Structures are given as structure tokens and as C-alpha cells.
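Letter by letter, the chains look like this.
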Amino acid sequence: MMSKLELKEDKIMEVQFVGDDDVLNHILDREGESLKNGSAADGGNKVYSFQNRKHSEKMAKLASELANTPRKNVSFGLKNDPEIMINIPQCSKEHSASDKVQLKKSDKSELLSAAPSGLRKRLIGPRSQSDSESEYSASNSEDDDGVAQECEEDTDEVTMSQKSPSQNKAMSAPVCKETPSKKMKRDKTSDLVEEYFEAHSSSKVLTSDRTLQKLKRAKLDQQTLRNLLGKVSPSFSAELKQLNQQYEQLFHKWMLQLRLGFNIVLYGLGSKRDLLERFRTSVLQDSIHVVINGFFPGISVKSILNSVTEEVLDHMGTFRSALDQLDWIVNKFKEDSSLELFLLIHNLDSQMLRGDKSQQIIGQLSSLRNIYLIASIDHLNAPLMWDHAKQSLYNWLWYETTTYSPYTEETSYENSLLVKQSGSLPLSSLIHVLRSLTPNARGIFRLLIKYQLDNQDNPSYIGFSFQDFYQQCREAFLVNSDLTLRAQLTEFRDHKLLRTKKGTDGVEYLLIPVDSGTLREFLEKEEEES
Amino acid sequence: MATSSVSKGCFVFKPNFKKRKISVPVGDYFNKGKNESEDGKLRFETYQLIWQQMKSETEQLQEELNKNLFSSLIEFLQKSCSGFQKNSRDWGCQIKLREIPTAALILGVNVTDHDLTFRSLTEALQNNVTPYVVTLQAKDCPDIKHFLQKLASQLMGCCVDEDSKEGNIQVAQKKTHCSMDSLSSWYMNVTQKTDPKMPRKKRTSSSQWQSPPVVLILKDMESFTTKVLQDFIIISSQHLHEFPLILIFGIATSPIIIHRLLPHAVSSLLCIELFQSLSCKEHLTTVLDKLLLTTQFPFKLSEKVLQILTNIFLYHDFSIQNFIKGLQLSLLEHFYSQPLSVLCCNLPEAKRRINFLSDNQCENIRRLPSFRRYVEKQASEKQVALLTDDRSLKEETQSLLENLHVYHSNYFLVLRCLHQFTSSLPKYPLGRQIRELYCTCLEKNIWDSEEYVSALQLLREYLLPPETQPLHEVVYFSAAHTLREHLNAAPRIALHTALNNPYYYLKNEALKSEEGCIPNVAPDICIAYKLHLECSRLINLVDWSEAFATVVTAAEKMDASSVTSEERNEIIHARFIRAVSELELLGFIKPTKQKTDHVARLTWGGC
């Protein structure tokens, strides 16, 4: 085997039927190559390598390094840190045999240095340090501290006992008669596995306890955020423009390929919305097309199918199920071959569309000869949505369109951590819904709002009990029986203006799931008008 | 923008003059942005012609390959049918009558190719056995109700050919209520009714039985819920005497799955026979043989391209359909990007076309590397003539194309011979499959390889790599990277590169950096990403935000800024928020409740 290896050293790229490990390496390698640039060639290894246990101070350290040496390249921890060295899979195939031997040597010494005692120290070290800084603690908001402590100790012991045999193995390596490459691989994997479990064994992660509140930085709302970002002057606009122009030249090719039965999927960093929009305005003006915002939180396959049947095909009937509707559309398009439809889907991988059924239905639509699909994906795991069957339905051609454009529209609906729910949307819908109700119903709702606002500072308030509420409504001549009140409440519930909850005493409690600021604003508006 | 709204996510655009329904001819898109003197129209027509020929060739091929399988299947079905017909009192037959004849069809993991097989199988069965052939897929049958509905509607669809309107109404009514009883009574009705009508229809051999069986194909047996399968089998075995059912299971994995899905009590109701389809590797070999290792089609693939396509096949999906897709894309790319592909057609036609080549195209010929190498080897007068005179160039091109043609016909002949010689040698020094040998020959001089036996030196001059031939660019597609990019993309690597090394995309000197480093002027998302790589499972937002601010402020210090520091801090905070939400959208982090103001990392390792 060795002699063969040596012979073929310079062209290991050829197809050979080998074990799973090698197949995996092979695939990773392939993908790395797909970028013409040399620096990205080993991307595969990095992307899929294991993560290290890292310390929280590192980020600050790195930031200061970056900041202190402006316009200069700072090498990141990855290179300097000996611990991390172990983790980077050194399976690159270009190494010659002699290289491999060397690697093996260094690898062994690293293994020894990562002995269990050292590991324990590493685990404990940062904590004792952090005590003095007093800002660091483990994440423990939900689980019992004592139990977690015990758990951690247990796992520590487990890692220890796991560790020692592997260490023995490493020491006895020279005696072992396996070929060096094989040997190394085994050590490597066991090492990686241990690293993984080491990092995942403890339920605690050391991070600082600081919160945004302490920082006195209030959450911004969507509008303020937009205003602030508007003041940022975009950098690298010339280069970005150049990138975009490069993609725009592909528009006609895309049209050609769409018409020839392929579908097109765009991927890469940055919002592809503007690009697709330019595609739409420049080449689709004369064709029937549907734009679908996958990032819109209310989107569903049903609404896509509805817009095809109702607006494109002018069909007024209803369907029993999405599958029936799909069948109907498929038949329509098969019958009339002059019918043509372009579907543009922004974020085909969005939360709402990534489900198996949705993808199946969209895939089936796209497989029709006279429906053309061009879509964008952003999530890093998006391709996992498609098994072979779906991929063949979609018949994708992939195009990389890295734009670096901000995902402004795509993230604007998102309930981001740092963005305050602005409240303007619920307010307008609140007004809208209540205007359509009878005066009595509005009265009932106002009663509930007032009661909730009166109790807003009471932390143990869980809602208005149904009986008390009924009593008050009766007194205000708003209802005459609890049945009418219940009917009214059902309507509120349908509009998502009401939530009911059974308390521990079995009594039903009513709550409006809208924040008090919005409610107060609503009451003020109501009073102004009346 | 017209396509953004807070109340809806779908926007339909219909052009005003929809009645006119003009659609731009596909060819126009092919020619957009192309030089008119480069025969765009002709190239597109040639592409379409060759693609149509290749496509029908593969379809025919598939049919032939399936022939054996289908004929044994049909034989099995006919045998089981005759079991239904015999109203024998024989005890063995009585037992058999309770067993549903079942053909388990092992098709292999290349599920994407199964559709075609089933389509032609259905056709073959309808022509030879019975008009009642129904195909069901697991995704249409979440429960037994849908199962029976689908079965009924398809079955009733089978018999309504001309008087379809009446039938459709019937189907619509039946859809609401379906049971095995209604199915069998429908079956009785239909078989009795069609008897007198029989001569009217062309149902040839199917008329040899009074009551043709109902064949139900379950395309993807593994995906059906066990409950649905079991219920259906039990129910239908009870009705077998009035509803002669035959099952065909499409199986992608192994026959053991039948016993894993069905308990003994149920599987004992089936009389199973196994059928094995042709292995997909053999299929690939025949496809290559008929499409590429032949002079019938002028279009050829370079070694790299062929490697990529076979690698996708062997390492990813075993799908012939995908292989053909790759071939189609190669063909399209070739005609799209190579102006001289206009000469990639049969020899007489190519010779004719040479006469009409424009000046521009003549220049294109002169620019071909292989042609330049050829010219350099000529005598100096001839060189001058070839480089300056279009007519002598065209004459020379004709003879060169002819040579190329001869080269190919010899090439494939000799290749086959060599394969015959070597394919049975121990250890297969030159590969077991002809495609392996072909790839080696495409790549380099085969006789330079160690494995090559000196006794075969005679073959030498015929197996020269195509790059040695002048004008090979006309028929060889060699842009392997485009193919890989569009067929076998790696989106995650693209993300990784964009975040780690912005200079790769944005060619600005300020962004230039060594591997593993990032300049502090990089786009916000890159900086936030780099910082988050330093954290373990949880990230404190405050720490992250401060680190981000440190970096960004340092970068901004360079430009004189007029805004106040408070406002600048706010802007930086806003930029941080944007970067964090974008990383969330991309799937790198998610909110967590484990600790206040923390996010959880979702990736593991360098990315």
C-alpha cells in the first residue's frame, strides 16, 4: 500500500473506492476547490472543524488588538494558540510522505501536552480568575445550581477516564504496526471527539453577567434603527457596484436557462432582494410573474397557491386542501402550454417556507415546464431542506451572488433581540379590528383594557377572572347573559386580541396580549375621537 | 418598493396586454449581448437539435435497458392473473386466493431516476396486461382515507377516456366517500359493461381476460406509513375475490424492508416475488457509451468535466437523470460561450458552414490555441496564408475538421479495443470501466503511464489526447469550474469566504489581508462574525457590542468625523444591531433564554 501511495503522490485526486472517511475528505476537498481563489481552498476543513473551548475574555482581547493596530492585519488566536493547533484537521492531501511523518511527531507531542491534569486546570483556571473580576459566572438561570455543579464534576471524571486510555495509545504508538497515516487519523478522530464532548459536557458556559440594562442602552425601535443606519455612509460602494454589475450581466443567461427547464437559486452573503428586483424590472416586465417575500412572517404555501389560483388564473372557487389546489394548478398549466409564469421567491429558506411540505409543493410547482422559479437562499444550512427527490424537482442551477448588501427588509420583521417591538403595527391593527365591531363589543373590550392597565404594576396579576368581568359587563349594560359575553370573547380570541388561561383555582382568566403602552395609546386615541 | 408590504407577502404582476400573450422566443435570450457576426442564432438551433437527439437517445436507451425487467414482470403478472381466472376448487388455489400477488421491484437508491422507470412500466403494463394501472406515492397518502380516495380517483380516471366529462363528475362525487366495497362494486360494473364495447377500443391483449386485474404501484414503498400499508393490505385481501389486485412495490433499499414494515400476519397475505433492476453504474456506462464514446454526436467533454460529472454521480446521488442534466448544462454552456461551436455539428454540415463564416469568426479560429500551435509548425508561406487570407484559412479548417473527425472515429475504436484487452487483466491496471480508461486517455498519453503494457504500442497514434488536435476547442467543452459551480455548489463555503476574507469579493486594497486576519475597516458583519468566533456556546451581547464598538471606533478614527460622540456611539450601536440580526438570519446565532442578554452560537468550529 505504501509503495502505491508514493507512486501516486502527485495525483491523489483520482477516483478510488475507499472507506467513508476518505470519501468525506474527498468531498470536503472538492468543495474547497470550488472557489477558484487559493486562499479559500482549505475552507472545507475550517468550516467543518470542531470548536474549541474558548474563554470569554478573548473577544475583548481580540477587539483591542484589532483596534490598536488600525489598518494593520492582526493575526487571530487560531494561529498562536497551541491548543487550537490540535484541532485543525491536517488532512490536506498535498502533504508528502515525509511531511506526514513530521506532522505525526508534532501531533504526538501536542497530545501529551493535552494531558488530563492540564485539561482540568484549564477548566478551573478561568473561574478562579474571574472571581476577582466578579463579573463572570456560569449560565444557570434555570437549572439548580447544586445539581449542575455535581453534574459537571461527574463529566469531568468521565472525560478523565476517557482521556487516559487514548493517551496510552498515543504513547505506545511506535510499537503499533499500523501505517503512519492510519494511526494518525485514529488519534486525530479520538482527539476531536474528546474535544467535542469536553466542550459540551458541562452545562455551564462562562460568560460575563453584564446586561444591556446595566449599560443603559435602551432597545431601539425599528424606525430609530433605520434612521440611525441611514446616517452611515456606505463603504466600498465602488467595489459593491462592480460586484452587482457582474451579476446583472447574467440576467439574460438566467432567462435562457429558466426557459430551457432549469430553475435558478442564488446564494452567498448579502441581501439578494435588490438584485432580484432589478432582474424583475429589467427582464420580466412583459411576463406574468409573482414575487414572494419568504421573509414575510405571514407567508405560507397556501398564500402562494392562492395568489396563483386567484390572481394569476382568475379562479374564484375554494379548495379542500393544498394538495387539491396544487393538482388543479398543475392540470391548468399542463392543459394550456401557452400559459407561462415566473416565480420570484426571496428567501426560499425562510422560517415559514422551509418545512418539508412547503418545499415539496413549491418544488412540484417549479418542476412544471411552464413555471419558472428563481429564488434566493441565505441560511447556512439551507441546502439541507432538499433531499434528492426534491432537488430533482427543483432542477437547480446554483449561482453565487455575494452582494454584501444589508438585509434591511429581511430582518425588519424579525423579533430581534435588540430591537424593541415598535407597537405601531399592533396599534393600527387594534384600531382596525375594533372599528369593525359593535359599540357594545367595543365597550366590553375597553373595560378589559382599563382593568388591565389598572393592574399593570401588579406582578402577580394573571388576568381578569371571567365571573368578575361578566359582573362588570352586566353592570355597564353591555351584555345580558354570560352566553353573549362568551360569544363576544370568542371573536376577540379569533383576532388574537385575547388570551384565556385557567388559574390554579380553576377559574378562567382573561388577558390582552398587547403591551400596556400600546393599550394606553389606544385608549387615548379612542377618547380623542369620541 | 412595490414588492414590500406589512400585510402581504405575495405580489402578482400581470402585464396590461395579457391578451396578446407575446412571449419572447428563447433564442433571443441566447443572443442578447452577443456579437451578431458570431452565428448566435445558428448556434442555438444546433444546441437544440443536438440536445433533442441526445435526450431521445437516452430515453430509448432506458427503454431498452428496462426491457428484460419489464418482460419478466409482465410474465409474473400474467401468471398471477391466470390464478384469478381459474375458478378451481383446488385447495391450493383457495389458499392462494387470499394472497395478493406482489412484485417487489428493487430499484436502487437513485430515487430520482425511478419516475421514468415507472412511467414506462405503466405504459408497458397498460399495453400488455390491463388498462387498470394506478401509481401511488407516499406523500399523497398520509392515511387510509386519502389512500383509497387517490386509488379510486385514478382508477376511475383510467376507464374514462372519451366520455371524460361524465366521468369527472362521477369522480368528484365518489371522492367524498370511498371504501373497498364501493371500489369492488365499481369494478364489477365496469368489467361487465366494457365487455360488449370491447371491439371499439384498441385494448389489444388486455382483452384476453374477462376481468383484467387492477395493478397498484407503490412508488416509494419505504416512505409509506406502516399503518396505512397494513390496513390496506388486510382490507384488500378480504376483497380479493371480487377485486383482483396485484401490487408492485418500488424499493430503493433492500427487500428486508418489506418485513420490517409489515408484521408477519400481514406479509403472509402477500405472495411476493423479487425483481432486480439494472444497476445504475451499468446504466451510466451505457449512457456514456451511446452519447460520448461515439462519433454520432459531435459534442465532447474534456477530462475534467467528465470527472466532475462522474464524481457527482458516484459520490453524491447515483442519479442518471442528474448526469444527463449536467450533460445538458455542458452542452448549453459550450454553445453559449464558444463562438466556434457553430462548427460542432455533423461533418458535411460543418464543412458547409465554414464557407459562411464571418471575418470575425475567422479571427476566432486564428485565436484558438490549438490552431496557433498548428500554424507554428507550418512552413512560413503557409503561415502567412493562414494568418492573412480567409479563403485559405477556410480550406484549411475544412481539412482540419475532417482530420478531427477521423481522429475521433479511430480513437473510439481503438479505445474499445484497448479496453477489451485490459479490462480482464488481474487488478484492472487501466480500470474496470471503459469510462475510467477514457478519462485517462483524455488526460494524457496513455503509454506514458506505468500501467501501460509495451506490447500495445501499436495503438499509440490513435489515442493521442484531444488537446493535441487542432480545432479541438470546437467540439470539446472544458470549463469544468462553471459546471461544478452551478451543479454542485457549496453555499456554506461561499458564506465562510465572504465573512472571513472580504477581499476575495471586494477588491479594495484596504481589505487585503493575510489568511486568518481581517482588517478593521471590513464590513460590519465580517467584524461581528470574527468576534463571535472567539466565543463558546453562549455570547454576552454587551461584551460583543463593546468589542464591536472598539474595533469600529478605531477604524473610524482615521476619517475626520463631524458628528458628536454620543450620536456616533448610537450609530455604532445600530450597526451592531444590524450585524447581529443578519447573523441570526444567516443561522449563526439564535436568541436563548439560558441567560439574560445572551445569544447561542449555532455553529461549531471555524465557521
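- Chain B goes by Origin recognition complex subunit 3 in an unreviewed UniProt entry, where it is assigned to Mustela putorius furo.
- According to the UniProt record, the Subcellular location (unreviewed entry) comment for chain B is "Nucleus".
- Database annotation for chain B, UniProt heading Sequence similarities (unreviewed entry): "Belongs to the ORC3 family."

- The name given to chain A in an unreviewed UniProt entry is Origin recognition complex subunit 2, and the organism recorded there is Mustela putorius furo.
- Heading Subcellular location (unreviewed entry) of the UniProt record for chain A holds this comment: "Nucleus".
- For chain A, the Function (unreviewed entry) comment in UniProt is given as "Component of the origin recognition complex (ORC) that binds origins of replication. DNA-binding is ATP-dependent. ORC is required to assemble the pre-replication complex necessary to initiate DNA replication."

1. Considering the overall build of chain B
Stage number 1. Helix and strand content of chain B: 24 helices and 11 strands.
Stage number 2. Expressed as a percentage of its 607 residues, the buried residues of chain B come to 55%.
Stage number 3. For chain B, the proportion of contacts with a sequence separation of at least 24, taken over those separated by at least 6, is 73%.
Stage number 4. For chain B, the exposed surface amounts to about 27500 Å²; the carbon and sulfur share of it is 51%.

2. Notes on the overall build of chain A
Stage number 1. The helix and strand tally for chain A stands at 24 helices and 12 strands.
Stage number 2. Classification of the 530 residues of chain A by burial places 45% in the buried group.
Stage number 3. Of the roughly 27300 Å² of accessible surface on chain A, 52% is carried by carbon and sulfur atoms.

3. Observations regarding the sheet that holds strand β10 (residues 464-465) of chain A
Residues and elements named next belong to chain A.
Stage number 1. With respect to topology, three strands assemble into an open sheet ordered β10-β12-β11, the strand pairing being antiparallel. Of all the strands in the sheet, just β10 and β11 (499-502) have a single pairing partner and so form its edges.
Stage number 2. Pairing of β10 with strand β12 (residues 508-511) involves two bridges; the strand directions are antiparallel. Residue pairing across strands places Ser465 opposite Tyr509, the latter belonging to β12.

4. Thoughts on the packing of helix α18 (residues 390-422) of chain B against helix α19 (residues 434-443) of chain B
Residues and elements named next belong to chain B.
Stage number 1. Orientation of α18 relative to α19, taken along the N-to-C sense of each, is 125°, at an axis distance of 10 Å. Of the possible angle classes, the one that applies to α18 and α19 is oblique. The handedness of the crossing between α18 and α19 is right-handed. Contacts between α18 and α19 involve Tyr411, Phe412, Leu415, Arg416, Leu418 and His419 from the first element and Ile434, Leu437, Tyr438, Cys441 and Leu442 from the second.
Stage number 2. For the contact of α18 with α19, the per-class residue count stands at nine nonpolar, one polar and one charged.

5. Examining the UniProt feature "domain: Origin recognition complex subunit 2 winged-helix" (unreviewed entry) in chain A
Stage number 1. Per the UniProt record, "domain: Origin recognition complex subunit 2 winged-helix" (unreviewed entry) is annotated on residues 457-516 of chain A.
Stage number 2. In the segment residues 457-516 of chain A, helix accounts for 40% and strand for 17%; the C-alpha atoms at its two ends are 10 Å apart.

6. Focus: the pairing of strand β6 (residues 341-346) of chain A
All names here are of chain A.
Stage number 1. Of all six residues in β6, six are buried, a share of seventy percent or more.
Stage number 2. Of the two faces of β6, both are covered, the one formed by Leu341, Leu343 and Ile345 as well as the one formed by Phe342, Leu344 and His346.
Stage number 3. Pairing between strand β5 (residues 289-293) and β6: five bridges, direction parallel. Looking at the pairing, Val290 lines up with Leu343 of β6.
Stage number 4. Examined bridge by bridge, β6 and strand β7 (residues 371-376) share five bridges and lie parallel to one another. What sits directly across from Phe342, in β7, is Tyr372.
Stage number 5. Each parallel crossover has a hand, and the one from β6 via helix α17 (residues 356-366) to β7 is right-handed.

7. Some words on helix α16 (residues 369-376) of chain B
Residues and elements named next belong to chain B.
Stage number 1. Every buried residue of α16 is accounted for by Ser370, Phe371, Tyr374 and Val375. Along α16, the residues classed as buried sweep out an arc of 140° about the axis, all on the same side.
Stage number 2. Where α16 is buried, its residues meet α15 (359-367), α17 (380-388) and α18.

8. Considerations on the pattern of salt bridges
Stage number 1. The full count for this structure, using the stated rule, is 25 salt bridges over all chains.
Stage number 2. One network of salt bridges, in which partners are shared, links Asp356(A), Asp387(A) and Lys390(A).

9. Observations concerning the packing of aromatic side chains
Two measures describe an aromatic ring pair: the distance that separates the ring centres and the angle between the ring planes.
All names here are of chain B.
Stage number 1. The full count for this structure, using the stated rule, is 36 aromatic pairs over all chains.
Stage number 2. Ring centres of Tyr411 and Phe412 lie 5.5 Å apart, and the angle between their planes is 75°; this geometry places the pair in the edge-to-face category. The same class applies to Tyr411 and to Phe412, which are both buried.
Stage number 3. Over the aromatic face of Tyr503 sits the side chain of Lys507, whose NZ or CZ is 5.0 Å from the ring centroid.

10. Remarks on α15(B)
Stage number 1. Inspection of α15(B) places Gln361(B), Cys362(B), Asn364(B), Ile365(B) and Arg366(B) among the buried residues, and these make up the whole buried set.
Stage number 2. Where α15(B) is buried, its residues touch α16, α17 and α18 of chain B.

11. Focus: the sheet that holds strand β10 (residues 589-591) of chain B
All names here are of chain B.
Stage number 1. Pairing is antiparallel across the open sheet formed by three strands, whose spatial order is β9-β11-β10. Single-partner strands in this sheet number two, and they are β9 (538-540) and β10. Each adjacent strand pair in this sheet contributes to an overall mean axis angle of 35°, direction not counted.
Stage number 2. By the bridge criterion, three bridges tie β10 to strand β11 (residues 598-601) in an arrangement that is antiparallel. In the sheet register, Pro591 faces β11, and the bridge partner there is Val599.

12. Things to note about the nonpolar core
Stage number 1. Among the nonpolar cores identified, the biggest contains 192 residues, and Phe371(B) and Trp544(B) are the most heavily contacted of them.
Stage number 2. Core analysis: the next-biggest nonpolar cluster, separate from the first, contains 42 residues, Met180(B), Met221(B), Ile233(B) and Phe243(B) among them.

13. Re the packing of helix α11 (residues 280-291) of chain B against helix α12 (residues 303-317) of chain B
All names here are of chain B.
Stage number 1. Interaxial distance between α11 and α12 falls to 12 Å at its minimum, and their mutual angle equals 160°. With respect to α12, the axis of α11 lies roughly antiparallel. Seen from above, α11 lies across α12 with right-handed handedness. Seen from α11, the contacting residues are Cys280, Lys281, Leu284 and Leu288; seen from α12, they are Leu306, Thr310, Phe313 and Leu314.
Stage number 2. Its residues assigned to classes, the contact of α11 with α12 comprises six nonpolar, one polar and one charged.

14. Some points on the UniProt feature "domain: Origin recognition complex subunit 2 RecA-like" (unreviewed entry) in chain A
Stage number 1. When the UniProt feature table is mapped to this numbering, "domain: Origin recognition complex subunit 2 RecA-like" (unreviewed entry) covers residues 240-400 of chain A.
Stage number 2. In the segment residues 240-400 of chain A, helix accounts for 45% and strand for 17%; the C-alpha atoms at its two ends are 15 Å apart.

15. Digging into the side chain of Glu409(A)
Stage number 1. Checked against the element boundaries, Glu409(A) lands in helix α19 (residues 408-412).
Stage number 2. At 3.4 Å, the side chain of Glu409(A) forms a polar contact with the side chain of Ser4(B).
Stage number 3. Other than its neighbours up to four places away in sequence, Glu409(A) contacts Arg226(A), Arg273(A), Phe295(A) and Ser4(B).

Reading the values: the criteria
- Residues numbered from 1 in each chain as written.
- Chains lettered and ligands numbered in written order.
- Predicted model: local features only at pLDDT ≥ 70, side-chain atom pairs only at ≥ 80, totals over all residues.
- Heavy atoms only, no water.
- UniProt positions renumbered as here; feature names shortened; annotations may be inferred.
- Helix = DSSP H or I, 4+ residues; strand = E, 2+ residues; numbered from the N terminus.
- Buried < 20%, exposed > 50% of the residue type's maximum accessible area, 1.4 Å probe, protein only.
- Contact = heavy atoms within 4.5 Å.
- Areas by Shrake-Rupley, 256 points an atom, 1.4 Å probe, with all protein chains shown as cover.
- Pairing = 2+ DSSP bridges.
- Axes fitted to C-alpha atoms, helices over the stretch in contact; angles between N-to-C directions.
- Parallel < 35°, antiparallel > 145°, perpendicular 65-115°, else oblique.
- Left-handed = near helix turned anticlockwise from the far one by under 90°.
- Nonpolar A, V, L, I, M, F, W, Y, C, P; charged D, E, K, R; others polar.
- Right-handed = clockwise from strand over helix to strand, strands pointing away.
- Arc of directions from axis to C-beta.
- Salt bridge = Lys/Arg side-chain N within 4 Å of Asp/Glu carboxyl O.
- Phe/Tyr/Trp six-rings, centres within 6.5 Å; stacked < 30°, edge-to-face > 60°.
- Lys NZ or Arg CZ within 6 Å of the ring centre and 35° of its normal.
- Core = buried A, V, L, I, M, F, W, Y, C linked by side-chain atoms within 4.5 Å.
- Polar contact = N/O pair within 3.5 Å; in protein donor to acceptor, adjacent residues only side chain to side chain.

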